[in-house]
Structures are given as C-alpha cells and as structure tokens.
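A structural walkthrough
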Amino acid sequence: MTNFSIKTETIAIRPFKDQKPGTSGLRKTVKHFQSPHYLETFIQSIFNSLPTLKGSTLVLGGDGRYFNREAIQIILGMATANQVGKIILGQSGILSTPAASQLITDYNALGGIILSASHNAGGKAGDFGVKFDTANGGPAPEKLTNSIYQIASHLTSYKIAHLAHVSLDQLGHYQYGDMSVEIIDSVKNYSTLMGSIFNFGRIATLLTSDDFSMCFDAMNAVTGPYAISILEDQLGAPKGTVIRGRPLPDFGGKHPDPNLAHAKQLVATMYQTENTPHFGAASDGDGDRNMIMGDHFFVTPSDSLAILAANAHLIPAYSKGIKGVARSMPTSAAVDKVAKKMGINCFETPTGWKFFSNLLDADQITLCGEESFGTGSNHVNEKDGLWAVLFWLNILAERKISVKNIVLQHWQEYGRNYYTRHDYENIPVDAANTLFNHLYQHLETLPKQQFGDYTISDADDFRYEDPIDQSISEKQGIRILFDNDARIIFRLSGTGTEGATLRVYIEKYVTNNNQFEIETQTALAPLIKIATHIADIKQQINRDEPTVIT
Ligand code: G1P
Ligand code: ZN
C-alpha cells in the first residue's frame, strides 16, 4: 500500500449565510455549489460540529450526479486535513442513500457524507446536495443541522490537503498521511442484507417463472447497479428487466423522480396493451424512493405502506410481528387503519425521514413511510427504494395474485383512502409567504364551516413533540380536518432550490365497495375545489393549475 504524502493548507474565507439544510440536507444548484469555497464551507462546518471527528471513520459516496467525483476529491482532501482516521468510499464514488446508511452501522462509523439532491434534476444546470447521516445511519437531526448552519454562518477558514488525484474506481486500501481510504464494492453489503430480510428463493422462483414479468426503471440513477446485481444477476430475472440501469451524471436529462409525472417510460410500459409486465417499479436519484405499479394499475405510496404493514408476516425478517408503524403527517391514514386492527402504535411525524430515526432507534416502530414515494424499516435508518420493491416481490411470490387484486382486497378489508398531492412549483417566495399568512390568519375561523358534504372539524398548524427526546418541531404544515375523515394539508417544500413550492395534499376515506374504483382526481374533485378556495390559490399565486399531480 502506497502512503501518499500530503501538504495541508488553511484557507481564509468569508462565511456563507445560506447554508441552512432543508428537509433532507443542503440542496443548491450545481453552479451554487461550485462557487469558490461553497462546498468546502459546508463540509468544514459538518466536521466542526463533530467533537469526536479526529481518528474517526466516515462513509462517503453519492448518487453519481454531475460534480459527484469532483466533490469527493475535495472532501477526501478536507478529511485528511481534519485528521479523519478512515474513509469508506463507494467504488467510483457511488453509494445509494440506503446503502450508505447501512455501511455507517456496518463499519461503526461516526457518520456518512452522502452527495445527492435525490430526485432533483442533475447535470451541469441541475442540482447538487450534501446530506450528513449520523452513527445510527439516520439523517442528521434538526439539532445537528442547525448547529452546522450556525457554524457555516460564522466560518472564517477551512483546512484542506492537496492529495494527488485519488483514483475512485479501483477497489482497495490507500493511505494519505494518517488517513486511510478503503474503496469498497458499492453493492455487496447491501445485497447481503436484502438476502437476510427476504425469501430470495421464493422471489427467484417468481422472477424466473414464465407466468411473471417485471420492469424496473432505475431512471439512469444510482439504483441501476444495485437492481441489476440483485434482480438480474442474483435472482435470475431476465436481462433487460432493469431499464435505464446505467447511472448518468445528468440522469439522461430527465428528473429521476419515480412518480406518474416523471417515470413516463415505465407508466407507458405498464399501460401498454400487449405483453404488459405483471409488476412495475422505479427508484429515484439516490435510491431511497420507490414507485409500485401493476398491470394497468398504480399503487399510491400511502397505500403501499399500509399494504406492506398488513402483509409483513409473509416476510422472513418481519414474520414474528411488527412493533409499530409511522407515517409523515401529510401521508394518508391508510396505514393507521392497519395499525389499529393489529393493535400496534401508529405515529404521525413531520415530513422528512429524520423524524423516524428516534422511533426506529427506540424500537418503537418497524415500518415507516411517506406519501412522497418513500418507505423503509428498521433494517436501515433511511428510506429504501429497492427494499420496498423486494418486499412487494416477496408478497407477490407468497400470495400469487396480481398487484391490483392485492390492493382491491386491502381496500375491502380496511376501506380506501383516496389520495392526491398537487404541487405548485417555482412560485415567488413572497407570494407563498402571503398565502400562508392569509391561511394562518383564517385558521381559527375554519372549524364548523361547511362546504357541500364536508364540514371542517379542526384546523391547526402541525406541531410535533418527539416522543423519544421531547424535541419540538413547529410549523410543519397546515392541517384542515373534516368530519368524515377527509383532510387537506398545505405546506411548503423544504427541498427545492428555486423559488417556493406549495404542496397541497388531499385525502378522503370511503368504505363502500362500489366506491373503490373511481378515478382519483374525480373522487377528490370536491375537496380539491375546497382546498383551492380556502387557500385562495388562484388569487394568491396567480396559477390556475398545479405543475405536478401525484
Ligand atoms: C420532499 C418530500 C418528503 C421527503 C423529502 C426528501 O420534501 O415531500 O416527504 O422526505 O422530499 O426525499 P419537501 O420538498 O416536501 O420538503
Ligand atoms: Zn431520494
């Protein structure tokens, strides 16, 4: 092993005041991140927030988007200069978010730096992001992200070593001064973990059977290598089952966001008239989201979470029962119904995975998820796209009925939560603030107001007290609750990089069998109208239609 000599420098800078992490790490345009000292400031601020950094192990990798490799070179130089002991680096700089999370705990690391802007567009004109996960493999809690932000706002210098360009592609051990770098296979640990959770034998039988076919859209993002290795190489699905499997720095110019709006190729395949696959799935930029489809059928993420919970007994790792479940506040209450029947707790948390971490660590929950195409379990402290796909495959292998029938039977047993999310993207920040101020002012006047069949029972601004550490998170979205279990939620996105994005979440609950197969937007039309009216959307932001409907 060569020991490369190093020369460390301290660079004086002016602090950056805009490094406040959002729902999931710091996200800015690539251009913003490339401006002098910007990335370095955020990394140094992470390092300064970790009292036990010296001599520690950190995991490093990203979703392969534009600037991933350059950022890794910079971070390696800064880690050496800041006396990090060891870096576990995904080969070619590639690690999916769930795989990185697992490696943090596998290697007893102090944490991990994940380079990703998730489902945001990539490429030179796209977005970049940096997330920090702590020793439990979970996203940094608010206390830590606030401290990183404070440090960045006052930082006047950072330390960097000029390493000879590190080759990221060759597996092996490298030594830079006192710091070692281990370049590891990005997929191996993860696929072993999946094999320990699911019944790979049963799934392999399904995937190799003549009566079954699936299409997995990796969206030219990080899940490609994981999905090819597990689904095709290990479980025997025919070559070509994984489409768009090669991670590209610009994701092929498309949004790597697995939903009906952005996974167009998969949707077209699942709605084609001939040779329609029985099962369709997609994952996002960094591999933590998933979309599930059947032949001419779309499963909403909220329903998917409920169905996973209701069928968990079929999966080896969860066959002894699940402890509890959690969903983010805007996620539909479908999983609540399952939890109630099973007699387990169901927690309602603010949006963002970090709020699940404490519950997972305290063994209060086994499964959790969000309406934004994210589901996960206690196997890692992040949401996990491919895990959800394997979960569905395992259910299909056991139950031997179609995706659609699984969902229909679920609704028959628990009722159906019709659900949609309307996004108004890139609206002026001022207009968004005015809309919310207007809503806050009217909040108290809403209860008891009646709109057609719907009467408002309660309206509040969601506030969460963490049941484990009692930390408080305020202003997590406006909730309007109706008598008949219907809900409308308004919140602003915390992951965008331009302007503001208004998210409107609309839900209604039905138990009548003959009301189960209405088109979602039609079923929710009256509530959509009420939402538009209450927030005065057209007037406030001057938009007639949402930009994305999921
Ligand atoms: C969005 C989703 C949220 C998810 C986050 C990161 O955040 O709504 O559920 O945890 O991306 O994937 P938002 O932009 O709404 O703040
Ligand atoms: Zn993601």
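This section reports on the structure supplied with the text. Residue numbers run consecutively from 1 along every chain, following the written order of its sequence. In the order they appear in the text, chains get letters beginning with A and ligands get numbers beginning with 1. For a predicted model such as this one, the threshold for reporting local features is a pLDDT of at least 70, and the threshold for listing and counting side-chain atom pairs is 80 or more; totals across whole chains, interfaces and linings nevertheless cover every residue. Side-chain metrics in this entry use all non-hydrogen atoms of the structure; hydrogen atoms and water are not considered.

The subject of this paragraph is the overall build of the protein. Think of it this way: any DSSP run of H or I at least four residues long counts as a helix, any run of E at least two long counts as a strand, and we number them from the N terminus. The number of helices and strands found in the protein is 18 helices and 28 strands. Here the C-alpha atoms of the protein give a radius of gyration of 23 Å, agreeing with the 24 Å that 2.2 N^0.38 yields for 550 residues. Overall, the protein is about 70 × 60 × 40 Å in size when its C-alpha atoms are taken along their principal axes. Think of it in three bands: with a 1.4 Å probe and only protein chains considered, a residue is buried below 20% of the maximum accessible area for its type, exposed above 50%, and partly exposed in between. A buried classification covers 61% of the 550 residues belonging to the protein. Within the protein, contacts between residues at least 6 apart in sequence are counted, and of these 73% link residues at least 24 apart. Accessibility throughout is a Shrake-Rupley quantity obtained with a 1.4 Å probe, and a residue counts as covered only by protein chains that appear here. With an accessible surface of roughly 21,400 Å², the protein has 48% of that area assigned to carbon and sulfur atoms. C-alpha atoms define the radius of gyration in this analysis, and the globule rule sets the expected value at 2.2 Å times the number of residues to the power 0.38. Throughout, a residue-residue contact means that at least one pair of heavy atoms, one from each residue, lies within 4.5 Å.

As a further point, take the site of ligand 1. Around ligand 1, 15 residues are found, and the nearest of them are Thr23, Ser372, Gly494, Thr495 and Arg503. Polar contacts here mean pairs of N or O atoms no more than 3.5 Å apart (in protein, one a potential hydrogen donor and the other a potential acceptor; neighbouring residues in sequence count only if both atoms are side-chain atoms). Here an oxygen atom of ligand 1 and a side-chain polar atom of Ser372 are 2.6 Å apart. For ligand 1, an oxygen atom lies 2.6 Å from a polar atom in the side chain of Arg503. Across the shell around ligand 1, the residue classes tally to no nonpolar, eight polar and seven charged. Only a single heavy atom is needed: when it lies within 4 Å of a molecule or strand, its residue is near that molecule or strand. Polarity classes work like this: nonpolar for Ala, Val, Leu, Ile, Met, Phe, Trp, Tyr, Cys and Pro, charged for Asp, Glu, Lys and Arg, and polar for all others, with Gly in that last group.

Bringing the coordination of the zinc ion (ligand 2) into the picture now. Within the first shell, the zinc ion (ligand 2) binds the protein through Ser118 (OG), Asp284 (OD), Asp286 (OD) and Asp288 (OD), at distances of 2.0 to 2.1 Å. Here a donor is any nitrogen, oxygen or sulfur atom (N, O, S) within 2.8 Å of the metal, with 3.2 Å used for Na, K and Ca; water is not among the atoms considered, so some sites may look incomplete. Key to geometry: four donors with every angle between 85 and 135 degrees are tetrahedral; four donors are square planar and six octahedral where opposite donors lie over 155 degrees apart and all remaining angles lie between 65 and 115; all other sites are irregular. The site at the zinc ion (ligand 2) holds four donor atoms, and with the angles between them running 86 to 166°, its shape is irregular. Going along the chain, you hit the donors of the zinc ion (ligand 2) in the pattern S-x165-D-x1-D-x1-D. Separated by 166 residues along the polypeptide, Ser118 in the loop between β6 (111–115) and β7 (127–134) and Asp284 in the loop between β13 (279–283) and β14 (290–294) bring together distant segments of the chain. Across the pair, exposure class does not vary: Ser118 and Asp284 are buried alike.

The subject of this paragraph is the sheet that holds strand β21 (residues 450–451). A strand pair is defined by DSSP finding two or more bridges across the two strands. Read across the sheet, seven strands follow the order β21-β22-β25-β26-β27-β20-β28 without closing on themselves; strand pairing throughout is antiparallel. Looking along the sheet, the strands with just one partner apiece sit at the ends: β21 and β28 (548–549). Taken together, the two bridges between β21 and strand β22 (residues 454–461) define a ladder with antiparallel strand orientation. Residue Gln450 lies in a different strand from β22, and its bridge partner there is Thr455. With respect to the sheet, helix α15 (residues 429–442) is in contact with β20 (416–427), β22, β25 (478–482), β26 (487–492) and β27 (500–510), its orientation differing from that of β26 by roughly 140°. Interaxial angles span 0 to 180 degrees and are taken between N-to-C directions of axes, which are lines fitted to C-alpha atoms, for helices over the stretch in contact.

Moving on, we come to the packing of aromatic side chains. Note on aromatic pairs: the rings of Phe, Tyr and Trp (six-membered ring only in Trp) are paired at centre separations within 6.5 Å, and the planes decide the class, stacked below 30 degrees, edge-to-face beyond 60, tilted for the rest. Going through the model one piece at a time under the given rule, you end up with 15 aromatic pairs. With 5.2 Å between their ring centres and 75° between their planes, Phe33 and Phe128 make a pair best called edge-to-face. Here the residue Phe33 occupies a position in helix α1 (residues 30–34), and Phe128 occupies one in strand β7, the gap between them amounting to 95 residues. A relative accessible area of 0% places Phe128 in the buried class. To sit over a ring, a charge needs its Lys NZ or Arg CZ within 6 Å of the ring centre and within 35 degrees of the ring normal. Sitting over the ring of Tyr509, Lys337 keeps its end group 4.1 Å from the ring centre.

Before going further, it helps to spend a moment on helix α7 (residues 200–207). Residues Phe200, Ile203, Leu206 and Leu207 constitute the buried set of α7. All buried residues of α7 project into a common sector of 120° when viewed along the axis, lining one side. This arc is taken over the directions from the axis of the helix to the C-beta atoms.

Now for the environment of Asn426. Topologically, Asn426 is positioned in strand β20. Linking Asn426 and Thr547, residues 121 residues apart in sequence, is a C-alpha distance of 9.1 Å. For Asn426, the contacting residues outside a window of four places in its chain are Glu498, Gly499, Ala500, Thr501 and Arg543.

Glycine aside, residues mostly have negative phi, and peptide bonds are mostly found in the trans state. Positive phi, close to 55°, is recorded for His296, a residue that is not glycine. Tracing the chain through its elements places His296 in the loop between β14 and β15 (297–299). For Lys448, which is not glycine, the phi dihedral falls at a positive 80°. By secondary structure assignment, the location of Lys448 is in the loop between α15 and β21. Residue Lys448 is classed as exposed on the basis of its relative accessible area of 75%.

Moving on, we get to the pattern of salt bridges. Between Lys or Arg on one side and Asp or Glu on the other, a salt bridge is scored when a side-chain nitrogen of the former is within 4 Å of a carboxyl oxygen of the latter. Tallied over the full model, the rule gives 24 salt bridges. For Glu517, the salt bridge is made with Lys404, and the minimal N-O distance between the two is 3.5 Å. Taken together, the residues Glu517 in the loop between β27 and α16 (520–523) and Lys404 in helix α14 (residues 403–414) connect sequence positions 113 residues apart. Of the residues examined, Glu517 reaches a relative accessible area of 57% and is grouped as exposed. Measuring nitrogen to oxygen at the nearest pair gives 2.8 Å for the salt bridge that ties Asp460 to Arg479. Highlighted residues: Asp460 in strand β22 and Arg479 in strand β25, separated in sequence by 19 residues. Judged by relative accessible area, Arg479 falls into the buried class, the value being 13%. Among the charged side chains, a network of salt bridges with common partners joins Arg327, Asp336, Glu348, Asp460, Arg479, Arg487 and Glu507.

A separate point is the nonpolar core. Ranked by size, the top nonpolar core spans 109 residues in total, and within it Phe279, Trp387, Leu390, Leu393 and Phe490 carry the most contacts. Element by element, the count of residues in this core is highest for helix α13 (residues 385–399), at eleven residues. Sequence-distant contacts of Trp387, that is, excluding residues within four places in its chain, are made with Tyr190, Met194, Ile197, Phe198, Leu308, Tyr318, Leu367, Thr375, Gly376, Ser377 and His379. To define a nonpolar core, start from buried Ala, Val, Leu, Ile, Met, Phe, Trp, Tyr and Cys residues and group those joined through side-chain atoms within 4.5 Å. With 46 residues, the next largest nonpolar core counts Leu26, Leu76, Ile113 and Leu115 among its residues.

Further remarks concern the sheet that holds strand β16 (residues 324–328). Read across the sheet, four strands follow the order β17-β16-β18-β19 without closing on themselves; strand pairing throughout is mixed. With one partner strand each, in any of the chains shown, β17 (345–349) and β19 (374–377) form the two edges of the open sheet. Each adjacent strand pair in this sheet contributes to an overall mean axis angle of 15°, direction not counted. With three bridges connecting them, β16 and strand β18 (residues 367–370) associate as parallel partners. Residue pairing for β18: Arg327 is matched across the bridge by Gly369. In the packing of helix α10 (residues 301–311) onto the sheet, the strands contacted are β16, β18 and β19, and the crossing angle to β18 comes to about 170°.

This next bit is on α14. When the terminal C-alpha atoms of α14 are compared, their 17 Å separation across twelve residues agrees well with the 16 Å that a helix rising 1.5 Å per residue should span. Those residues of α14 that sit buried are Val403, Ile406, Val407, Leu408, His410, Trp411 and Tyr414. Backbone geometry just downstream of α14 places Gly415 in the positive-phi region, at approximately 90°. Expected span, for any helix, means 1.5 Å times one less than how many residues it has.

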